[in-house]
Every structure is written in C-alpha cells, then in structure tokens.
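Observations on chain architecture
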Amino acid sequence: MSAEPKPAPAAGPMVDVRKVRKVYHRDAEEITVLDGMNLQVPPGEFVALMGPSGSGKTTLLNLIAGIDRPTSGLVTVAGTDVTQLSESDLARWRSRNVGFIFQFYNLIPVLTALENVELPLLLTRLGKAERRERALTALRVVGLADRSRHYPRQLSGGQEQRVAIARAIVGDPSVLVADEPTGDLDAKSAEEILALIESLNRDFHKTIVMVTHDPRAAERAHVQRHLDKGVLKD
Amino acid sequence: MKFLPFVLKHLRRNWIRTTSTVAAMAICIFLFCTLQSVLAEINALLAASNASRLITRHAVSLVFQVPLAYGPRIQAVPGVKSVANTTWFGGSLPAKKEGKADPEAEATMDWSNFFPNMAVDEAYFAMSPEFQIPPDQFQAYLQDMQGAVVGRKLADKFGWKIGDRFFLESFIPAYRKREGPFEFVVRAIADTDAAKYPGTDTGIMFFQYKYLYESTGRRLNAGTYTVEIDDPSRAGAISKAIDAQFENSDAQTHTETEQAFRAGFIAMAGNLALLLNGIGLAVSFTILLVTANTMSMAVRERRTEIAVLKTLGFPSAHVMGLVVAEAVALGVLGGALGIGGSQGLMWVLSNTPGISDMLAGIGLSGVTLKPMVAAVGFLVAILLGFAAGFVPALSAYRSRITDMLRTV
C-alpha cells in the first residue's frame, strides 16, 4: 500500500514525545494543556490514550499527527523531529507518515467513497489508474469495495468510518492516529471498527495511537495510558 | 488538472447558490460587453470625423434651421475653404408612391427600413473624401434632380443598383410635400476605403438639397452647414469667427468640430460614456460583493473539510489554490454565459427589422461584439472571480487545522 518510497524509520520508538509542554492563550490567561509530557510508542504498538475531557488526549494526538506544534519539547515520529519542520514540510511529512481517523469521519460529501479514499493520493505523482487501483485496494481492506461509487450520505455511520479508515491507510503511513473513532457509532458498528483497527495493527503492523473514552475500545489496545490534567498517570 | 474534477464537484454541491452566482456574474459580463460594444461603436463613429470639417447649426437646437443667407457669409470667413448645406431629411421608405397622397401617411411610415438620409449641396462631396464615387456616376447624380447617392452598405441591403427608383417620406412635417413621398433614382453608389477612413458608415444616402427645397415650396432653410477649413489647428478660432458673424441676429449659430457635433448628437440622451461606464462599474462592484459573499459562505461551510485536506497533507497554499480555482471557475462560467448573451443580443439587434434600422439611423449600424471587448469581458470575469475568492482563500490558508476541527 506504499504510495511513494520513504525513508525507513530509525531504530527506536516510532513515536517519541519528550518533555512536551503545550500552552494555550485565551486573552491574558494561560492554559497549560500538556505539562512535561513523555511518551514512547514502539513500532507496531497499539496504544490507547484515555482520560477525562480536557486532560490533553486530543492535544497530544494532534502533536503526534503533526497538525499542532508544542510550546516546548520534542516530538519525533518515524525518525523525524516534527517540531523542526516548516509548515509545508510538515504537510508533506503528514501525507507520507500519518493516517488520521476522526471521530466524525469527516468525509468530503461531494466525493464518492472511492474519490474520498483517493484524495491523499492526489498529492503523489501516481497516475489516475494507479490511484484508483490503490484506493480500491484500501476499500477492499476495509470491506467496502462494493460501495466505492456511493456518496457518504448513502452510507451508514460505520461504513463512513470504514471509508475514513481506508483514506487513512491508502498512503501506507507509518502511524495511524485515531481520535475517538467509535465515539459516534452504535455498539455493533463500534465493534466492527475496533476489529478493523485491530487487524490493521495485527496484519499490517501499523503503529496506532488511539484516543478513546470507551473502556471496551481501550481493551483492544496493547497498552492503555491515562492522562489527567496534561500529565500521564501510568 | 487532476484537481479540476474536485473543484467542479464542489461547485455542484449547492446548485442554487452556484447557479445564482454564475447568473449574477453572467449579467455583469453581459452588461459590460454590451455597453462597451455600444461605446466602441460610438467611439468609432467619432473617430471617423474629419478634423478639417466644422458644423454650424442653430445655437438653440438642431430643431431650428439656419437661414440660407448664412452660407455665403460663412464662406467669406477667413480660413473657410468651402461650405455645404447639410440637412438631415429623416425620410423612411413608405408603402405608397408619389402622387398618391395618403391622409394616413404618418400611420403608414415604414420605420423598419429607416436609414440616415441627407439633403446636401454639391460641395459636400468635395469635402468628404471618405465617400468614393465614380466620376461618371457623380455626374449623372448632379444632372438628375431626383438623383441619389447611396452608400454601398445601403445598396447591398436593399438590392439597389444604378437606375433603381425608391420613395422616401420624412417624418418632419416641413419636409413633406402634398403630392406624396419623394421619389429618388439611384444614380451613384458610394464606397469607402475602410483602411484609410475607418468607421465610415456607407449605410447612408444623399440627395440634392435643391430637390428638397423646390419640392417644398422654397420655404426651407438649412439644417446645418458643413464647413471645410484650411487648417484644422485653427478650428476653434474659425468657429468663433463664424458664430461672431451672427451674434446679433435672430438666428445665432453654434459652430463646432464635426467630432464634437457627432458626440453632442449622440449625447442628446445624456453623457452616454459616463452613464454606460458608471453602470458597468456599479454592476461589476456589486457582483464582486455577491461572489465574495458566496465564496466566504462556501469556505465557512467547509472549514472542517479544509482542515481535513490539510490533515491529509495538502499544503496551505494548495488549499488556497483550490478555493481560488473554485471562484475563478465561477467567473469563467459566468463570463462565458455573459459573453454568449451579449453576442446573442447583438445578433438580435442587428437582425431585427426596426431596431437595426433605428440604430442605423443614428449611425450605430455596426454594433457588434468586438473580439477585444469579449476578451476584456472574459478577463474581467476571471479577475472578479479571483478577487472574490482571494480573501476567503487567504482565510483558509491562514486557518490552523486544530481551530477548524474544533468548530465542528
């Protein structure tokens, strides 16, 4: 599923978060969301981040995914210190190294399932036929090849999330980050999605960092880490 | 090009909004092209004016005539080479013939075949080199009181050839005769050198003033005098000198260059250039606001999608480009429709009897959508689209992913 050749990650943790501090400013007020956070995730690990609302789970996930920057500290993912990258380099790095699964799927409504999955590949030099083939392969992996021409409105919540997962894996990223991927689904669909994520970790050896409130979802992960007030508790 | 389907699919997202925006843009470009074409035609008409010709008319209004006695006095003004009585006849082809006066004449005027026709002195042709008439035909014209010189375009339009007869009846009561319409014989056909005299309209007809004068009981004066001068740079001084001659008379005159006269004639409806440009500018600005609003709404609606694109690795500049491309696509669609509409209107104007002849009557027979005007209109549409999309696109460029995702 690799779209373009990319450097092999250096030996050591796939995700290495060291002494990360993240402070938000609201008017004159300073809000410290992460305070000296340290987290190491080895390659092929499936980590669940848990904690109450406002504990900093999503902020940590955003830092790992390279869509936010820490106030201080180091975030190294797949051998790259993402805090040192420029905006454009960071965007390019994200396209090659990170697959993001959102709670609300966030599919583009005017595009079919296939086109949604193909979207990240538009940034590569692949030809149209190759892009289509890879997108179809990703849809096959999530079991939705027969729904490739359907628009998001024609799919159930669980199916939409599976398309979103196909979009996340189509570029063969090193790391998958999932922000409450079952938060908007019924129990049955949630089970299917969790089984799919688990299989991506087991069969494709993807390193997965998942934020969840759901203990049953967290049980699927190899490791559970709990955050509270911006600090890892265990 | 691989992003084009993506851009077009977004345009189809909200049909009503896209259609109304494209329609607004189309109306803007339609008005721009149409108004500019009319202006271009007016400018061409003015450009065709001869710098060494002045027009002397009644100071109060064109409605009033200038006494015939003024002709020799104008001729005597230093710097004047020649003077020609030039009277706008205002005739159109009636459905009846000379000698069969019809009390319902006014009701039977055929306005659909209206064209400019002037009663002139022989001297007029000597000072109008833009009209090229074969010498033998010109002699035949001079020797026939009912003779007419018709422009090539007019001859082609009606299929007239040398020796053909036709009738004209003026809508001006003073230019009518009891016996019925004026009968004319085509004695000469005037051509022009379009390269040397661009803008010259050959959709015009001339006949001898003497015919008009004698047929109406010798009670007429001159509509205007066309005055040829020896030095165009002295046009102002000579104009003043002519008008000074008649300053203390009942019929004071107003003398100006032919170009100024034509501009004034066209501008009787007001300052057309200012009016047309003003309308165009106001409409364009309004459409800019409408399109900008549409794009702002579209971007605001899609904040999450923009965040997703950025998360997937689309650089901010790329996302900005997609938003601008969408706005420019609106401009391209609107521009194409507007230009098509304008072209259609021009076709209708130039092919609808009555309207085309009415335009020809005021010298605007050649109103067409010029390629340059269409090109500028299309460019304006693209620029409007770009300008409308730039600010929302910049907002998309600057927005942080986490902020946009938070507004779900």
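Residues numbered from 1 in each chain as written. Chains lettered and ligands numbered in written order. Predicted model: local features only at pLDDT ≥ 70, side-chain atom pairs only at ≥ 80, totals over all residues.

**Things to note about the overall build of chain B**
The helix and strand inventory of chain B stands at 15 helices and 10 strands. Burial analysis of chain B (408 residues in total) assigns 40% to the buried set. The long-range share in chain B, meaning contacts at least 24 apart out of those at least 6 apart in sequence, stands at 83%. (Helix = DSSP H or I, 4+ residues; strand = E, 2+ residues; numbered from the N terminus. Buried ≥ 20, exposed ≤ 12 C-beta atoms within 10 Å, placed from the backbone. Contact = placed C-beta atoms within 7 Å.)

**As for the nonpolar core**
Counting residues in hydrophobic clusters, the biggest one holds 124 residues, and the most contacted among them are A:Leu49, A:Ile64, A:Ala166, A:Val177, A:Val209, B:Met25 and B:Ile29. If we ignore the near neighbours within four places in the chain, the residues touching A:Leu49 are A:Lys57, A:Leu60, A:Leu61, A:Val209, A:Met210, A:Val211, A:Arg225 and A:Leu227. Listed in part, the 47 residues of the second largest apolar core include B:Ala148, B:Leu154, B:Ala190 and B:Phe246. (Core = buried A, V, L, I, M, F, W, Y, C linked by C-beta atoms within 7 Å.)

**Things to note about the sheet that holds strand β4 (residues 72–77) of chain A**
Residues and elements named next belong to chain A. Reading across from one edge, β2-β1-β4-β5 is the order of the four strands in this open sheet, with antiparallel pairing throughout. In this open sheet, the two strands that pair with only one neighbour each are β2 (29–41) and β5 (80–81). In this structure, strand β1 (residues 15–26) lies alongside β4, joined through five bridges in antiparallel fashion. What sits directly across from Val-17, in β4, is Val-75. Along the sheet face, helix α1 (residues 57–65) touches β1, β2 and β4 and points at about 120° away from the line of β1. (Pairing = 2+ DSSP bridges. Axes fitted to C-alpha atoms, helices over the stretch in contact; angles between N-to-C directions.)

**Focus: the pairing of strand β6 (residues 165–170) of chain B**
Residue and element names in this part refer to chain B. Where strand β3 (residues 91–92) and β6 come together, two bridges link them in antiparallel fashion. In the strand pairing of β6, Gly-91 is matched with Ser-170. As judged from the four bridges shared by β6 and strand β7 (residues 182–190), these two strands associate in the antiparallel manner. Each residue of the ladder has a partner; that of Leu-168, found in β7, is Phe-182.

**Here's the deal with the interface of chain A and chain B**
On the chain B side, the residues contacting the 19 residues of chain A number 19 residues. The dominant element in the side of chain A that touches chain B, judged by the number of residues it contributes, is helix α2 (residues 87–97) of chain A, at six residues.

**Structural notes on the environment of B:Met145**
Residue and element names in this part refer to chain B. For Met-145, the location among the structural elements is in the loop between α5 (135–143) and β5 (147–151). Sequence separation between Met-145 and Phe-207 is 62 residues, and the spatial gap between their C-alpha atoms is 8.4 Å. Setting aside chain neighbours within four positions, we find Met-145 in contact with Gln-208, Lys-210 and Tyr-211.

**A word on α2(A)**
For α2(A), the complete set of buried residues consists of A:Leu90, A:Ala91, A:Arg94, A:Ser95, A:Arg96 and A:Asn97. Those residues of α2(A) that are buried are in contact with α1, β4, β6 (98–101) and β7 (175–179) of chain A together with α11 (303–312) of chain B.

**Overview of the packing of helix α5 (residues 157–169) of chain A against helix α6 (residues 187–204) of chain A**
Residue and element names in this part refer to chain A. Between α5 and α6, the shortest axis-to-axis distance is 9 Å and the interhelical angle comes to 15°. In terms of their interaxial angle, α5 and α6 are classed as roughly parallel. The crossing of α5 and α6 is right-handed. Every residue of α6 that contacts α5 at Gly-157, Gly-158, Gln-161, Arg-162, Ile-165 and Ile-169 is listed here: Ser-189, Glu-192, Ile-193, Leu-196 and Leu-200. Class assignment of the residues belonging to the contact of α5 with α6 gives a composition of five nonpolar, four polar and two charged. (Parallel < 35°, antiparallel > 145°, perpendicular 65-115°, else oblique. Left-handed = near helix turned anticlockwise from the far one by under 90°. Nonpolar A, V, L, I, M, F, W, Y, C, P; charged D, E, K, R; others polar.)

**Digging into the confidence of the model for chain B**
All names here are of chain B. Model confidence for chain B is summarised by a mean pLDDT of 85, while 89% of its residues fall at 70 or above. Here residues 95–103 is modelled with pLDDT under 50, and outside its nearest four sequence neighbours on either side it reaches 21 contacts, counting other chains as well. Of the two predicted TM-score estimates for the complex, the pTM is 0.68 and the ipTM is 0.90. (pLDDT = per-residue confidence, 0-100.)

**Describing the pairing of strand β2 (residues 80–88) of chain B**
Every regular strand shows the same layout, with side chains that alternate between the two sheet faces. Residue and element names in this part refer to chain B. Here six bridges tie β2 to strand β9 (residues 224–229), and the two strands are oriented antiparallel to one another. The residue of β9 that forms the bridge with Val-83 is Val-227. One ladder, built from three bridges, connects β2 with strand β4 (residues 117–120); its direction is antiparallel. The partner of Trp-88 across the bridge, within β4, is Met-118.

**Focus on unusual backbone geometry**
Residues and elements named next belong to chain A. Of note in the backbone geometry, Lys-19 takes a positive phi value of approximately 45° without being a glycine. The residue Lys-19 is located in strand β1 in this model. Taking the number of C-beta atoms within 10 Å as the measure of exposure, Lys-19 has 13 and is therefore partly exposed. Although it is not a glycine, Asn-106 sits at a positive phi angle of roughly 55°. Of note, Asn-106 is situated in the loop between β6 and α3 (113–118).

**Here we look at the environment of B:Ile172**
Among the structural elements, B:Ile172 can be located in the loop between β6 and β7. Residues B:Ile172 and B:Gly91, 81 residues apart in the sequence, show an inter-C-alpha distance of 8.2 Å.

**Observations regarding the sheet that holds β5(B)**
What holds strands together in a sheet is hydrogen bonding between their backbones, with the strands either parallel or antiparallel. Residue and element names in this part refer to chain B. Spatially, the 10 strands line up as an open sheet ordered β3-β6-β7-β5-β8-β4-β2-β9-β1-β10, and their pairing is mixed. At either margin of the open sheet sits one strand with a lone partner, and together these are β3 and β10 (253–257). Pairing of β5 with β7, which is carried by five bridges, proceeds in the parallel orientation. The residue of β7 that forms the bridge with Ala-148 is Val-186.

**So, helix α14 (residues 371–398) of chain B**
With 28 residues, α14(B) extends 40 Å between its outermost C-alpha atoms, agreeing within 8% with the 40 Å of an ideal straight helix rising 1.5 Å per residue. At B:Phe390, α14(B) shows its maximal bend, which comes to roughly 35°, and the proline B:Pro392 appears one to four places after that position. (Expected span 1.5 Å × (residues − 1). Bend = angle between axes of the 7 residues up to and from the residue.)

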